[in-house]
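# A structural walkthrough
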Amino acid sequence: MGQFAVIGLGRFGAATSLELMRLGHSVLGVDADNRVVDQHAEQLTRAAIADVTDRNALTELGLDEYDVVLVAIGEDLQSSLVCTVHLKSLGVKELWVKASSRAHHLILTKLGVSRVIHPEEEMGIRIAQVLSYPMVNDYIALGNGDFVVEIEASEQLNGRTLGDALTTEPRGLIQALLIKRKGIATPHPPDQFVL
């Protein structure tokens, strides 16, 4: 179980916080708006109302003790940057920040944050991939053009061996990592596995 702090409980920050909670993590949600904090307080491990541009307020929250701090402040560029500078000076090691523009991204990169996030852009790419490849249920991009994809075997593959179904040139371009059938997982299935 990890400990996460999410600063900014707008749509993106709230959705991230609630999903982290669902996954069994401890989450501190922080926002300057008391109504937003009240709305999510019961669903989070801890919730705090704070002016995140105030270094003392951030110090009191003990954010340097969290595994990851996510700055999910939306359109207020100044608040996002001031908060980020304070968090860096407080020694937060794993700092992820939502960027709202290319200029914001550039400044965050220069500040040395661990990761810059563009949620709308990243989701747009995921949606385009799903629309382009409807047979793919889900995927994870590994970088360098490599992906792990989840697909359902079609009726056309019924009775064929995995090796026959994955015949590609160059050989080995597509590899099966796992087959799940009726709730039973077979990791690294052999080419002789019958679909």
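Here the structure is a predicted model, which means the values were calculated and not measured. (Residues numbered from 1 in each chain as written. Predicted model: local features only at pLDDT ≥ 70, side-chain atom pairs only at ≥ 80, totals over all residues. Heavy atoms only, no water.)

## Considering the overall build of the protein chain
Scanning the protein chain from N- to C-terminus turns up 7 helices and 10 strands. Its C-alpha atoms give the protein chain a radius of gyration of 22 Å, clearly above 16 Å, the size a compact globule of 195 residues would have. Each of the three principal axes of the protein chain carries a C-alpha extent, and together these read 65 × 35 × 30 Å. Within the protein chain, buried positions represent 34% of all 195 residues. (Helix = DSSP H or I, 4+ residues; strand = E, 2+ residues; numbered from the N terminus. Rg over C-alpha atoms; globule rule 2.2 N^0.38 Å. Buried < 20%, exposed > 50% of the residue type's maximum accessible area, 1.4 Å probe, protein only.)

## Observations regarding the nonpolar core
With 26 residues, the main nonpolar core has Ile7, Leu63, Val69 and Leu87 as its most contacted residues. Of all the secondary-structure elements, those providing two or more residues to this core are β1 (3-7), β2 (26-31), α3 (55-60), β4 (68-71), α4 (77-89) and β5 (95-98). Those residues in contact with Leu87, other than ones at most four positions away along the chain, are Ile7, Leu58, Leu63, Val69, Val71, Val92 and Leu95. In terms of nonpolar packing, the next biggest core, distinct from the first, is built from 11 residues, Val36, Leu44, Val68 and Leu70 among them. (Core = buried A, V, L, I, M, F, W, Y, C linked by side-chain atoms within 4.5 Å. Contact = heavy atoms within 4.5 Å.)

## Thoughts on the layout of surface pockets
If you add up the space inside the largest pocket, you get close to 1,600 Å³. In terms of lining, the largest pocket is formed by 37 residues, of which the most central are Val149, Glu150, Ile151, Ile174 and Gln175. Counting only elements with at least two residues in the lining of the largest pocket, the list comes to α6 (119-132), β7 (136-143), β8 (146-151), α7 (162-165) and β9 (178-181). Residue composition of the lining of the largest pocket, grouped by class: 23 nonpolar, 7 polar and 7 charged. Of the voids in this model, the second largest pocket is the one considered here, and its volume is about 620 Å³. When residues of the lining of the second largest pocket are traced back to their parent elements, those giving at least two are β1, α1 (11-22), β4, β6 (115-117) and α6. Top contributing element to the lining of the second largest pocket by residue count: α1, with 5 residues. Here the lining of the second largest pocket is built from residues that sort into 13 nonpolar, 1 polar and 4 charged. (1 Å grid on protein atoms, 1.4 Å probe; cavity = no way out; pocket = protein on both sides within 12 Å on 5 of 7 lines; lining within 4 Å. Points joined across faces, edges and corners; volume = space filled by probe spheres on them. Nonpolar A, V, L, I, M, F, W, Y, C, P; charged D, E, K, R; others polar.)

## A closer look at the pairing of strand β10 (residues 184-187)
Of the strand pairs in this sheet, β9 and β10 are connected by 4 bridges, and their pairing is antiparallel. Opposite Arg181, over in β10, you have Ile184 as the bridge partner. (Pairing = 2+ DSSP bridges.)

## Examining the pairing of β5
One ladder, built from 3 bridges, connects β4 with β5; its direction is parallel. By the bridge assignment for β5, Val71 is matched with Val97. Chirality of the crossover, the property in question, places the unit of β4, α4 and β5 among those that are right-handed. Of the strand pairs in this sheet, β5 and β6 are connected by 3 bridges, and their pairing is parallel. Paired with Val97 across the bridge in β6 is Val116. A crossover links β5 with its parallel partner β6, the connecting element being helix α5 (residues 102-111), and its sense is right-handed. (Right-handed = clockwise from strand over helix to strand, strands pointing away.)

## What about the sheet that holds β2?
The strand order across the open sheet formed by 6 strands is β3-β2-β1-β4-β5-β6, and the pairing between neighbours is parallel. The open sheet has two edge strands with one neighbour each: β3 (46-49) and β6. When the angles between neighbouring strand axes are averaged without regard to direction, this sheet yields 15 degrees. Sheet analysis places β1 next to β4, joined by 4 bridges and oriented parallel. Bridged to Phe4 within β4 is Val68. The sheet contacts of α4 involve β1, β4 and β5, and relative to β5 the element is tilted by about 175 degrees. (Axes fitted to C-alpha atoms, helices over the stretch in contact; angles between N-to-C directions.)

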